[in-house]
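Chain and residue survey
Chain residues, written in single-letter form:
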Amino acid sequence: MSESMTTAAPSVAAKLGAEIVGTFFLVFGVIGTALFTAGFAAGEGGLNVGFLGVALALGLSVIIGAFAFGPISGGHFNPAVTLGLAAAGRFAWKDVAAYLVAQVIGAVLGATALVAILAGGKDDALAAAQKGGFASTGWGALSPGGYNAASFFIAEIVATALFVTVILAVTGKRGAGKLAPLAIGLTLVVIALLAIPVTNGSFNPARSIATAVYGGPAALAQLWASIVAPIAGGLIAGFAHKALFEGEAK
């Protein structure tokens with residue numbers, strides 16, 4: 001009997017576990033890069049990879065996570081992606097809530113691991129990271145470029161909509177097949193290069209929740225927007241894809 005006939009489908013527990021670990025890896029890699037090696041996030045000193053380094057960390061984290069955990073859970077790691085796929089008819093609505101909870105758990109655990117590392121740093125590294133907002137997303141003081149709320153919403157909604165649109169395209173029947181994670185990760189690099197100076201680059205409510213937990217009052221006050229905007233972008237992409245390419249979405 002062939003391996004394909006004997007391999008059982010992943011269990012619900014395995015899928016949720018993959019989403020937790022994958023989202024943990026995403027937040028640990030991206031926010032860790034922003035806090036430890038990008039001088040704009042937590043102060044001067046050491047290696048400074050800047051916006052480009054953070055954008056590459058984001059894209060690479062998603063590529064690696066998708067290859068590693070995609071075969072198990074689909075490799076969402078992002079509530080906006082899960083909701084966008086459900087809106088497009090690619091994911092069961094009944095499974096959405098469990099995925100969202102798993103993603104938030106993984107993201108918060110990833111940020112907590114970074115807090116534990118920063119706590120052992122010199123010159124009160126943890127306090128410096130928190131004073132800088134812990135790489136939280138937002139506008140005004142939380143925007144690296146000082147952009148306003150209108151710019152934040154436009155950037156996050158449009159960028160997330162484009163991201164989910166690419167996911168739906170490359171994972172469809174006429175998509176990129178096994179190379180889909182590369183296209184998805186590179187898309188994130190491109191949109192992050194635009195969005196990081198404006199919003200600090202979220203596109204992911206779970207990532208924003210995780211950083212806001214440790215980012216202080218301003219981050220918590222603006223967290224609602226970092227949840228609403230990416231979800232709106234994901235739903236717009238999902239419903240639009242289903243309407244325009246209904247045969248592809250089934």
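This section reports on the structure supplied with the text.

Another point: the side chain of asparagine 204. Summarising the element assignment, asparagine 204 is placed in the loop between helix H9 (180-199) and helix H10 (205-215). Excluding its chain neighbours within four sequence positions, the residues that come into contact with asparagine 204 are Leu26, Phe77, Asn78, Pro79 and Pro230.

In this model, the largest pocket occupies a volume close to 690 Å³. In terms of lining, the largest pocket is formed by 32 residues, of which the most central are Ala66, Gly70, Gly74, Gly75 and Ile184. For the lining of the largest pocket, the secondary-structure elements that each account for two or more residues are helix H2 (12-36), helix H4 (50-73), helix H5 (79-87), helix H8 (149-170) and H9. Examining the composition of the lining of the largest pocket, we find that 7 residues originate from one element, H4, more than from any other. Looking at side-chain class alone, the lining of the largest pocket contains 18 nonpolar, 11 polar and 3 charged residues.

Scanning the model with the defined rule gives 8 aromatic pairs in all. Ring centres 5.5 Å apart and planes at 85 degrees place the aromatic pair phenylalanine 152 and phenylalanine 153 in the edge-to-face group. Their ring planes at 45 degrees and their centres at 5.7 Å tell us that phenylalanine 153 and tryptophan 224 sit as a pair that is tilted. Linking phenylalanine 153 in helix H8 with tryptophan 224 in helix H11 (residues 217-244), this pair joins segments that are 71 residues apart in sequence. One aromatic cluster is present, built from ring pairs that chain together Trp139, Phe152, Phe153 and Trp224.

A few words on the environment of aspartate 95. Inspection of the secondary structure puts aspartate 95 in the loop between H5 and helix H6 (96-118). Among the residues examined, aspartate 95 registers a relative accessible area of 29% and is labelled partly exposed. Taking the C-alpha atoms as reference points, aspartate 95 and valine 12, 83 residues apart in sequence, are found 9.3 Å from one another.

Cut-offs and rules
Residues numbered from 1 in each chain as written. Predicted model: local features only at pLDDT ≥ 70, side-chain atom pairs only at ≥ 80, totals over all residues. Heavy atoms only, no water. Helix = DSSP H or I, 4+ residues; strand = E, 2+ residues; numbered from the N terminus. Contact = heavy atoms within 4.5 Å. 1 Å grid on protein atoms, 1.4 Å probe; cavity = no way out; pocket = protein on both sides within 12 Å on 5 of 7 lines; lining within 4 Å. Points joined across faces, edges and corners; volume = space filled by probe spheres on them. Nonpolar A, V, L, I, M, F, W, Y, C, P; charged D, E, K, R; others polar. Phe/Tyr/Trp six-rings, centres within 6.5 Å; stacked < 30°, edge-to-face > 60°. Buried < 20%, exposed > 50% of the residue type's maximum accessible area, 1.4 Å probe, protein only.

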